[in-house]
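Take a look at the letters that make up each chain.
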Amino acid sequence: MTPRQIGRYQVKRQLGTGGFASVHLAYDEALESDVAVKILSEDWSFDVDTRERFLQEARLLRRVRSSHLVPVYDVGQLDDSRPYFVMAVADRGTLADRLDERGASVEPSATDIVQLAAALADGLGALHAAGVVHRDVNPRNLLLVSSDGGDGTSPPSATALFGPDEQVVLADLGLAKDLRLPGDPITIVGGTPRYRAPEQLAPTAAIGPSTDCYGATAVIWEVLSGTPPPALHELDRRLADVSPSWRALFEKGFAPDPEERFADIAEWREAVIELIDAEISMLDPTVPSVERCPYLGLSSYRPSDADLFYGREALVDRLIERLRFERALTVGGPSGSGKSSLIGAGLLPALAGGALPGSSNWLVVRMTPGADPLGTLERALASAGDEAASAEPTDRADGPAITVDLTADPPLLVGAAAAPLLVVVDQMEELFTHGASAEEQRAFVAALEALATGEDPDRVVCLLRSDFYTPCASFEWLAAQVTGHVFVGQMGRAELRRAIESPALRLGYKIERELVDAILDEVGDEPGILPHLSQALAATWEHREGRQLTLAGYRESGGVTGALEQHDESWWRGLGADDQATARSTLLRLVSPGTEHTPDTRRLLPIADAGPTARPMLDSLAAARLVTIEEGTSRIAHEALLEAWPRLAGWLDEERVGLRLHADLTRDATAWGRDGRPPERLYQGARLEAAHEWAEPRPDRLSDVEAAFVHESTRRATRSRPVSYTHLTLPTINGECG
């Protein structure tokens, strides 16, 4: 508990908290001015080493003098013995706050960059001259304060990053290393991802001024581009659009080997100022503009879309850190939070780029459970083994391919995977919605557990809607994964701004700032809004003026709340009467109805089961971005469509009973076909009569095996006794029902 009064300092409110300390805004009653008070956390108050490091930070800030280092005014101890020190307050916030407010659509001026580079060089230069390395240079540790003589009321202009009376000062020496202190050469591992140099992850690596040059380079990147700096695994891709002169600076500043970086911060500053003076733009003007929509609408982002995926950088970094030490991970969140895109365009490209040791060679297996989760997993793993065996020699057990028997106890998985497997189970909730029996569910979970705990270093990532956490409690291993899940919540305002602006700028489009502000105000903190937002942006792009996305185009497209319905209705009205009937039938085949306690969900439809009438309609639905087609299967592009399009929602309500009957029929027919079509599994009595009554007028909604199942059930019942229902006029499909 933080006291309301600390000596002569009246504590007003908490400004922020970190792993070891918290910072509070306070009023100095003697000097009649606001100050910042940093207090060691209660959790660390009795740790001798941590207390010493905390006090060392205050000593360093007092010892090293620079107008661009935050000054320390006082030091003391609370009644509970926790140390604190008093320093200047960032009355204008931090550089991170300012960048979040501005976004990527407003370019910083040359004066801004010169001021920032000078502040970094002066503050870090003073530290380095005193034998101190900061080790955590990032925008949150760069404070904006009113300059001496400033009245503290002059904000920056719309095109300036800093106001005329603002000064940039460097703060937070909590991770700083004093190179002049004798003793253990081991350095505490730490730093902010994307800003920390690679050597900071190795406790015995040499730390020096070039470590801070890396962080300073990362800060300049973010200020110039409006996007977080690249991690090492994505550096080559991110540098592709940078002009040659700036590319050379970033390649040197981000060099993995400290010996190849700038020798000192003064050399770094000179290189930055030289490019600014030469008026060289960071982006390469020779990169052609691309006539490509920067947004995917309802579709999830895939690895090939990584160049347009922005806003989730911190969450991707978190997933990578978790996978560094864990072999199983559950990624949860509400529908529409962007889980699939996070993995597809965030995590998987990062791993392919080598974000973790050896991860560029991992074999990635992506699957959704569907109606036959265990069989789907077995086929996916066997396919991965075939690809691995044909690609290169293996370090695993001898054999031509992976041998898979997930029904064994314990499940069997051995063979020729040339590298560790990463199994990504998307739409994990299908385990509970697509008719798998309790036994099939247990077997599937046991198979995932075997993968994540076996001798080979395989990993499993499950993507799960948060409204399906409860059913997971029936499985001990899965329940433990859900307990430690990574939650994908609503994006913050700054993250949403990047997700809106950066894809357009990446492809050479301009975007009105008024448009971005209007979208952010409309979105607010509404959960599950991302698919609606992406659809609205895609529609705004369709209404663009030249190469500019405008507020007028956004309003014409219906905005976030209306774009999805407007798009879907426009497509629907363009169909003829027969095609409208086919579209309704096809879309309903792609929905698994919910129950009283569970919502409606998407359902996979194999293209081979679609039938001659529905197959062309699936192509039309895919062209309209209402359906995605991938690896021989089709599904509704996003579950948001089930509620956002009133027409489809109305169809679902009208046919909910029939859809549930069809879901049962799909489950039973699939199991019947998979197990060799045993006659004792066929329907009889009331179940057959209900299935017959539903299927008779809807033969176009049945797959081959479903039609065969109903036909054989009817024929068997007819042979055994007279029946009252009409002859089933199902079509002959591939000879199944002849």
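Model, not experiment: these values are computed from the prediction.

## A few points about the overall build of the protein
Then, number 1: Scanning the protein for helices and strands turns up 26 helices and 24 strands.
Then, number 2: Across the 738 residues that make up the protein, the buried fraction comes to 54%.
Then, number 3: The long-range fraction of contacts in the protein, counting pairs at least 24 apart against all pairs at least 6 apart in sequence, stands at 69%.
Then, number 4: Accessible area of the protein: about 32200 Å², with a carbon and sulfur share of 51%.

## Regarding the packing of aromatic side chains
Then, number 1: Applying the stated rule across the entire model yields 14 aromatic pairs.
Then, number 2: Here tyrosine 683 and phenylalanine 709 contribute two aromatic rings whose centre-to-centre distance is 4.8 Å and whose plane-to-plane angle is 80 degrees, an arrangement assigned as edge-to-face. With a gap of 26 residues between them, tyrosine 683 in the loop between α24 (656-674) and α25 (685-695) and phenylalanine 709 in helix α26 (residues 704-720) connect regions that are remote in the sequence. Of the two residues, tyrosine 683 and phenylalanine 709, both sit in the buried class.
Then, number 3: Ring-pair connections join several aromatic residues into one group, and the members of that group are Tyr214, Trp221, Trp246, Phe250 and Phe254.
Then, number 4: Taking NZ or CZ as reference, arginine 544 lies 3.9 Å from the ring centre of tryptophan 541, over its face.
Then, number 5: Looking at arginine 547, its charged tip hangs above the ring of tyrosine 509, at a distance of 4.0 Å from the centre.

## Details of a negative patch on the surface
Then, number 1: A cluster of acidic residues, Asp264, Glu270, Glu274, Asp277 and Glu279, forms a negative patch at the surface.
Then, number 2: Tracing the chain through its elements places glutamate 270 in helix α7 (residues 265-277).

## Here we look at the confidence of the model for the protein
Then, number 1: When pLDDT is averaged along the protein, the result is 86; 89% of the residues meet or exceed 70.
Then, number 2: Across the protein, element-level confidence peaks in helix α4 (residues 209-225) with a mean pLDDT of 96 and bottoms out in strand β14 (residues 412-414) with 55.
Then, number 3: Across residues 725-738, where pLDDT falls below 50, the model places 36 contacts with residues more than four positions away in sequence or in other chains.

## Overview of the side chain of arginine 82
Then, number 1: Positionally, arginine 82 belongs in the loop between β5 (72-77) and β6 (83-87).
Then, number 2: What makes arginine 82 buried here is its relative accessible area of 4%.
Then, number 3: A distance of 3.1 Å separates a polar atom in the side chain of arginine 82 from the backbone oxygen of leucine 40.
Then, number 4: Within the structure, the side chain of arginine 82 is placed 2.9 Å from the side chain of aspartate 80, a separation counted as a polar contact.
Then, number 5: Setting aside residues no more than four positions away along its own chain, arginine 82 makes contact with Met1, Ile39, Leu40, Ser41, Glu42, Ser45, Arg51, Gly76 and Gln77.

## Some details on the side chain of threonine 540
Then, number 1: Following the sequence through the fold, threonine 540 ends up in helix α17 (residues 530-542).
Then, number 2: Given the relative accessible area of 0%, threonine 540 is considered buried.

## Points about the state of the cysteines
Then, number 1: Enumeration over the complete set of coordinates arrives at zero disulfides.
Then, number 2: Summary of cysteine pairing: cysteine 462 is not part of a disulfide, and the nearest cysteine sulfur, belonging to cysteine 472, is at 8.6 Å.
Then, number 3: Judged by its relative accessible area of 1%, cysteine 472 is buried.

## Observations concerning the sheet that holds strand β16 (residues 459-465)
Then, number 1: An order of β12-β15-β16-β11-β17 is seen for the five strands of this open sheet, with the pairing classed as parallel. Two strands lie at the open edges of the sheet, namely β12 (363-367) and β17 (486-487), each paired on one side alone.
Then, number 2: Helix-sheet contacts for helix α12 (residues 438-453) involve β11 (328-333), β12, β15 (421-425) and β16, and the interaxial angle to β16 is about 140 degrees.

## Here's the deal with the sheet that holds strand β22 (residues 605-606)
Then, number 1: With respect to topology, three strands assemble into an open sheet ordered β22-β24-β23, the strand pairing being antiparallel. On the outer flanks of this sheet lie β22 and β23 (627-630), each paired with one strand and no other.
Then, number 2: Relative to strand β24 (residues 633-636), β23 runs antiparallel, the two being bridged by four bridges. Residue pairing across strands places glutamate 630 opposite threonine 633, the latter belonging to β24.
Then, number 3: The strands touched by helix α21 (residues 614-623) within the sheet are β22, β23 and β24, with β23 carrying the most contacts at an inclination of about 115 degrees.

## Re the environment of glutamate 712
Then, number 1: Looking at the secondary structure, you find glutamate 712 in helix α26.
Then, number 2: Glutamate 712 gets classed as buried once you look at its relative accessible area, which sits at 19%.
Then, number 3: For the pair formed by glutamate 712 and tyrosine 683, sequence separation is 29 residues and the distance between their alpha carbons is 8.8 Å.

## Concerning helix α15 (residues 493-506)
The periodicity of an α-helix, 3.6 residues per turn, causes residues three or four places apart in sequence to face the same way.
Then, number 1: The end-to-end C-alpha distance of α15 is 20 Å, a good match for the 20 Å that 14 residues give at a rise of 1.5 Å each.
Then, number 2: In terms of residue burial, α15 counts as a mostly covered element, since 10 of its 14 residues are buried.
Then, number 3: Among all positions in α15, only Ala494, Leu496, Arg497, Arg498, Ala499, Ile500, Glu501, Ser502, Pro503 and Ala504 are buried.

## As for unusual backbone geometry
Then, number 1: The backbone of glutamate 32 sits at a positive phi, close to 55 degrees, despite the residue not being glycine.
Then, number 2: In this structure, arginine 135 is a non-glycine residue whose phi angle is positive, near 75 degrees.
Then, number 3: For arginine 135, the position within the fold is in the loop between β7 (132-133) and β8 (142-146).

## So, the pairing of β15
Then, number 1: In terms of burial, β15 is largely enclosed, as five of its five residues are buried.
Then, number 2: Every second residue of β15 is oriented toward a common face, with Leu421, Val423 and Val425 on one face and Leu422 and Val424 on the other, all of them buried.
Then, number 3: Bridge count for β12 against β15 is five bridges, and the pairing is parallel. Across the sheet, residue methionine 367 finds its bridge partner in β15, namely valine 425.
Then, number 4: Note: β15 against β16, four bridges, orientation parallel. By the bridge assignment for β16, leucine 422 is matched with arginine 459.

## Points about the packing of α4 against helix α6 (residues 244-253)
Then, number 1: Between α4 and α6, the shortest axis-to-axis distance is 9 Å and the interhelical angle comes to 145 degrees. Where α4 approaches α6, its residues Cys213, Tyr214, Thr217, Ile220, Trp221 and Leu224 are matched on the opposing element by Trp246, Leu249, Phe250 and Gly253.
Then, number 2: Within the contact of α4 with α6, the residues separate by chemical class into eight nonpolar, two polar and no charged.

Rules used in this analysis
Residues numbered from 1 in each chain as written. Predicted model: local features only at pLDDT ≥ 70, side-chain atom pairs only at ≥ 80, totals over all residues. Heavy atoms only, no water. Helix = DSSP H or I, 4+ residues; strand = E, 2+ residues; numbered from the N terminus. Buried < 20%, exposed > 50% of the residue type's maximum accessible area, 1.4 Å probe, protein only. Contact = heavy atoms within 4.5 Å. Areas by Shrake-Rupley, 256 points an atom, 1.4 Å probe, with all protein chains shown as cover. Phe/Tyr/Trp six-rings, centres within 6.5 Å; stacked < 30°, edge-to-face > 60°. Lys NZ or Arg CZ within 6 Å of the ring centre and 35° of its normal. Patch = residues over 30% accessible without salt bridge, like charges linked within 9 Å, V, L, I, M, F, W, Y side chains within 5 Å. Salt bridge = Lys/Arg side-chain N within 4 Å of Asp/Glu carboxyl O. Lys, Arg positive; Asp, Glu negative; His and termini not counted. Charge placed at Lys NZ, Arg CZ, Asp CG, Glu CD. pLDDT = per-residue confidence, 0-100. Polar contact = N/O pair within 3.5 Å; in protein donor to acceptor, adjacent residues only side chain to side chain. Disulfide = S-S within 2.5 Å. Pairing = 2+ DSSP bridges. Axes fitted to C-alpha atoms, helices over the stretch in contact; angles between N-to-C directions. Expected span 1.5 Å × (residues − 1). Nonpolar A, V, L, I, M, F, W, Y, C, P; charged D, E, K, R; others polar.

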